[in-house]
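# Inside the fold
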Amino acid sequence: KVYIIDEVHMLSKQAFNGLLKTLEEPPPHVKFVFATTEIRKVPVTVLSRCQRFDLRRIETGVLAAHLAAIAEQEKIAVEPAALSLIARAAEGSVRDGLSLLDQAIAHHAGDSAAAITGESVRAMLGLADRGRVLDLFEKLMGGEIAVALAEFKSLYDSGADPLVVMQDLLETTHFLTRVKVAP
């Protein structure tokens, strides 16, 4: 038997202590698979009795292709731009990507004839239009703070999540700094 315990870090101290005896002398027919995103919360006594496999994040292009294959199998029309946005928002997590794809399908359920568009996914995720984020960045770098604040308010009023806008600004800054330092 294989027991898979997802989010194992959520177990209480007492639950870990109860599991420890089984891990010390496991029955030959039993395997445990523990999954966690917060390895620091798993006691060292448990970790020392486990083999550890750190899974890396999936690249955005690979994840978008995987989501496209799933959409095709399910006979759901999704624009490539929408898949790219979902893959980027998932930040390399297949599980998060699948959840976001499910969410996009549910949001789009009323209009099954048309494809899920990038714009509908952008609205669902509370993302700002990239062009508007670049405009905002330009205003900030130009010292036009009042105009930048007005643009930021406009993005917020149109449904963009302020944290996502800030993350987009950070990514833009990081990209442009990399281009300038190491072309």
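Placed above this text is the structure.
Residues numbered from 1 in each chain as written. Predicted model: local features only at pLDDT ≥ 70, side-chain atom pairs only at ≥ 80, totals over all residues. Heavy atoms only, no water.

Turning to helix 8 (residues 145-157), a few remarks are in order. For helix 8, with 13 residues, the first-to-last C-alpha span of 18 Å sits near the 18 Å given by 1.5 Å per residue. Restricting attention to buried positions, one finds in helix 8 the residues A148, E151 and L155. Taken around the axis of helix 8, the buried residues stretch over an arc of 60°, which confines them to a single face. Facing away from the buried surface of helix 8 by more than 90 degrees, the exposed residues are A146, L149, K153, Y156 and D157. Taken together, the buried residues of helix 8 touch helix 7 (130-141) and helix 9 (162-181). Just downstream of helix 8 lies G159, where phi reads positive at about 105°. (Helix = DSSP H or I, 4+ residues; strand = E, 2+ residues; numbered from the N terminus. Expected span 1.5 Å × (residues − 1). Buried < 20%, exposed > 50% of the residue type's maximum accessible area, 1.4 Å probe, protein only. Arc of directions from axis to C-beta. Contact = heavy atoms within 4.5 Å.)

Each aromatic ring pair is summarised here by two numbers: the centre-to-centre distance and the angle between the ring planes. Inspection of the entire model under this criterion finds two aromatic pairs. Residues Y3 and F32 carry aromatic rings whose centres are separated by 5.7 Å and whose planes lie at 25° to one another, so their mutual orientation is stacked. With Y3 in strand 1 (residues 2-6) and F32 in strand 2 (residues 31-35), this pair connects stretches of sequence that are 29 residues apart. On the basis of relative accessibility, which here comes to 40%, the residue Y3 falls in the partly exposed class. Overall, the relative accessible area of 27% leaves F32 in the partly exposed class. By way of ring pairs, the aromatic residues Y3, F32 and F34 are connected into one cluster. (Phe/Tyr/Trp six-rings, centres within 6.5 Å; stacked < 30°, edge-to-face > 60°.)

Here the focus is a negative patch on the surface. Together, E119, D129, D135, E138 and E144 give the surface a local cluster of negative charge. For E144, the position within the fold is in the loop between helix 7 and helix 8. (Patch = residues over 30% accessible without salt bridge, like charges linked within 9 Å, V, L, I, M, F, W, Y side chains within 5 Å. Areas by Shrake-Rupley, 256 points an atom, 1.4 Å probe, with all protein chains shown as cover. Salt bridge = Lys/Arg side-chain N within 4 Å of Asp/Glu carboxyl O. Lys, Arg positive; Asp, Glu negative; His and termini not counted. Charge placed at Lys NZ, Arg CZ, Asp CG, Glu CD.)

Attention now moves to helix 5 (residues 94-107). Over its 14 residues, helix 5 runs 20 Å from end to end, which matches the ideal 20 Å to within 8%, given 1.5 Å per residue. For helix 5, every residue scored as buried is listed here: G97, L100, L101 and A104. Axial view of helix 5: buried residues confined to an arc of 105°, hence all on one face. Across from the buried face of helix 5, at angles greater than 90 degrees, the exposed residues are D102 and A106. Taken together, the buried residues of helix 5 touch helix 3 (60-73), helix 4 (80-90) and helix 6 (118-125).

This part takes up the nonpolar core. Ranked by internal contacts, the top residues of the largest apolar core, which has 20 residues, are I86 and V121. Listed by contribution, the elements that provide at least two residues to this core are helix 3, helix 4, helix 5 and helix 6. By residue number, the principal contributor to this core is helix 4, which donates six residues. Not counting residues up to four positions away in its chain, the partners in contact with V121 are A82, L85, I86, A104 and I116. Core analysis: the next-biggest nonpolar cluster, separate from the first, contains eight residues, F137, A148, L155 and A160 among them. (Core = buried A, V, L, I, M, F, W, Y, C linked by side-chain atoms within 4.5 Å.)

Attention shifts here to the layout of surface pockets. Looking at the largest pocket, its volume works out to about 1,400 Å³. Forming the boundary of the largest pocket are 39 residues, of which F34, A35, T36, F53 and L55 lie nearest the centre. If you list the elements that add at least two residues to the lining of the largest pocket, you get strand 2, helix 2 (44-47), helix 4 and helix 5. Ranked by residue count, the leading element in the lining of the largest pocket is strand 2, at five residues. Classifying every residue of the lining of the largest pocket gives 20 nonpolar, five polar and 14 charged. (1 Å grid on protein atoms, 1.4 Å probe; cavity = no way out; pocket = protein on both sides within 12 Å on 5 of 7 lines; lining within 4 Å. Points joined across faces, edges and corners; volume = space filled by probe spheres on them. Nonpolar A, V, L, I, M, F, W, Y, C, P; charged D, E, K, R; others polar.)

Our focus in this paragraph is the packing of helix 3 against helix 5. Across the interface, helix 3 lies against helix 5 with an axial gap of 11 Å and an inter-helix angle of 45°. Judged by the inter-axis angle, helix 3 sits oblique to helix 5. In the crossing of helix 3 with helix 5, the sense of the turn from one axis to the other is right-handed. Residue-level contacts link L63, H66, L67 and I70 of helix 3 to V94, G97, L98 and L101 of helix 5. Taken together, the residues of the contact of helix 3 with helix 5 break down into six nonpolar, two polar and no charged. (Axes fitted to C-alpha atoms, helices over the stretch in contact; angles between N-to-C directions. Parallel < 35°, antiparallel > 145°, perpendicular 65-115°, else oblique. Left-handed = near helix turned anticlockwise from the far one by under 90°.)

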